[in-house]
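# Summary of the model geometry
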Amino acid sequence: MSLPQKPTKAEIQAAYGTTIPDIIAPHLQVLFCGINPSLYSAAVGHHFARPGNRFWRSLHVAGFTDRLFSPFEDRDLLQLGYGLTNIADRATATADQLTHAELIAGQQSLATKVERYQPRYLAILGISAYRTAFKRPKAIVGRQDEPLHSATIWVLPNPSGLNAHYQIDDLKRVYRELLLAVG
């Protein structure tokens, strides 16, 4: 498979505020939910595409995938029963450029998607964004007590390379906990 050309700085900057489509279908095992697209991801039109993002590696080392997927294969997750969405649709350079109001509005939009598509698990990738969007200031990583419609919510660390609190072994451990719950 030949990969698309790396976007230019101008293309990345032009992606500010744009969106990328969800990869979603009814009755998924897990709907993985990022905070919002990076400018790089929006420029190339694929989820978790920014070099340095550890999402794809985390999925693989935890056992969700039998090989390391490329961001350009993101649609192939559907065949495994997994999907991708975001709390906020708007691409930014960093997630901290989103307002609290955007995260709260994003949670409402996410609730509509979960109600419509009915995934078994909703995996939110970012504890701080989850706390804000779901108004759960004391939430911790892992399974949450309250579902969203019929989906069990599981909060995982943000796999961004900017999240130095979690190294790949830590990500492997917490992502595997979700995989074991999924069965």
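Please read all numbers here as calculations on a predicted model, not as lab measurements.

## Description of the overall build of the protein
Scanning the protein from N- to C-terminus turns up six helices and five strands. Whereas a compact globule of 183 residues would reach a radius of gyration of roughly 16 Å, the protein reaches 15 Å, a difference of no more than 12%. Dimensions of the protein, computed from C-alpha atoms along their principal axes, come out at roughly 45 × 40 × 35 Å. Counting all 183 residues of the protein, 50% fall into the buried class.

## Some points on the layout of surface pockets
Rolled over the atoms, a probe as big as a water molecule pinpoints where empty space is left. Considering only enclosed or pocket space, the largest pocket measures out at about 770 Å³ in volume. Lining the largest pocket are 36 residues; nearest its centre among them are Ile35, Asn36, Ala95, Asn158 and Ser160. Listing elements by their share of the lining of the largest pocket, those giving two or more residues are α4 (100-117) and α5 (127-133). Among the elements that line the lining of the largest pocket, the one with the most residues is α5, at four residues.

## Some details on the pattern of salt bridges
One pass over the structure, following the stated rule, counts five salt bridges. Between Asp22 and Lys113 there is a salt bridge, with the nearest N and O atoms lying 2.9 Å from each other. Highlighted residues: Asp22 in the loop between α1 (9-14) and β1 (30-34) and Lys113 in helix α4, separated in sequence by 91 residues. Overall, the relative accessible area of 24% leaves Asp22 in the partly exposed class.

## Quick look at helix α3 (residues 55-62)
Owing to its 3.6 residues per turn, the α-helix aligns residues three or four sequence positions apart on the same side. Buried within α3 we find Phe55, Trp56, Ser58, Leu59 and Ala62. Down the axis, α3 shows its buried residues gathered within 165° of arc, on one side only. Two residues or fewer past α3, Gly63 is found with a positive phi of approximately 105°.

## Section: α4
Along its 18 residues, α4 runs 25 Å from first to last C-alpha, staying within 8% of the 26 Å computed at 1.5 Å per residue. Buried within α4 we find Leu103, Gly106, Gln107, Leu110, Ala111, Lys113, Val114 and Tyr117. Looking straight down α4, one finds that the buried residues subtend no more than 165° of arc, so they occupy a single side. Across from the buried face of α4, at angles greater than 90 degrees, the exposed residues are Ala101, Thr112 and Arg116. Buried residues in α4 make contact with β1, β2 (82-86), β3 (121-125) and α5. Immediately beyond the C-terminal end of α4, within one or two residues, lies Gln118, with a positive phi of roughly 50°.

Cut-offs applied
- Residues numbered from 1 in each chain as written.
- Predicted model: local features only at pLDDT ≥ 70, side-chain atom pairs only at ≥ 80, totals over all residues.
- Heavy atoms only, no water.
- Helix = DSSP H or I, 4+ residues; strand = E, 2+ residues; numbered from the N terminus.
- Rg over C-alpha atoms; globule rule 2.2 N^0.38 Å.
- Buried < 20%, exposed > 50% of the residue type's maximum accessible area, 1.4 Å probe, protein only.
- 1 Å grid on protein atoms, 1.4 Å probe; cavity = no way out; pocket = protein on both sides within 12 Å on 5 of 7 lines; lining within 4 Å.
- Points joined across faces, edges and corners; volume = space filled by probe spheres on them.
- Salt bridge = Lys/Arg side-chain N within 4 Å of Asp/Glu carboxyl O.
- Arc of directions from axis to C-beta.
- Expected span 1.5 Å × (residues − 1).
- Contact = heavy atoms within 4.5 Å.

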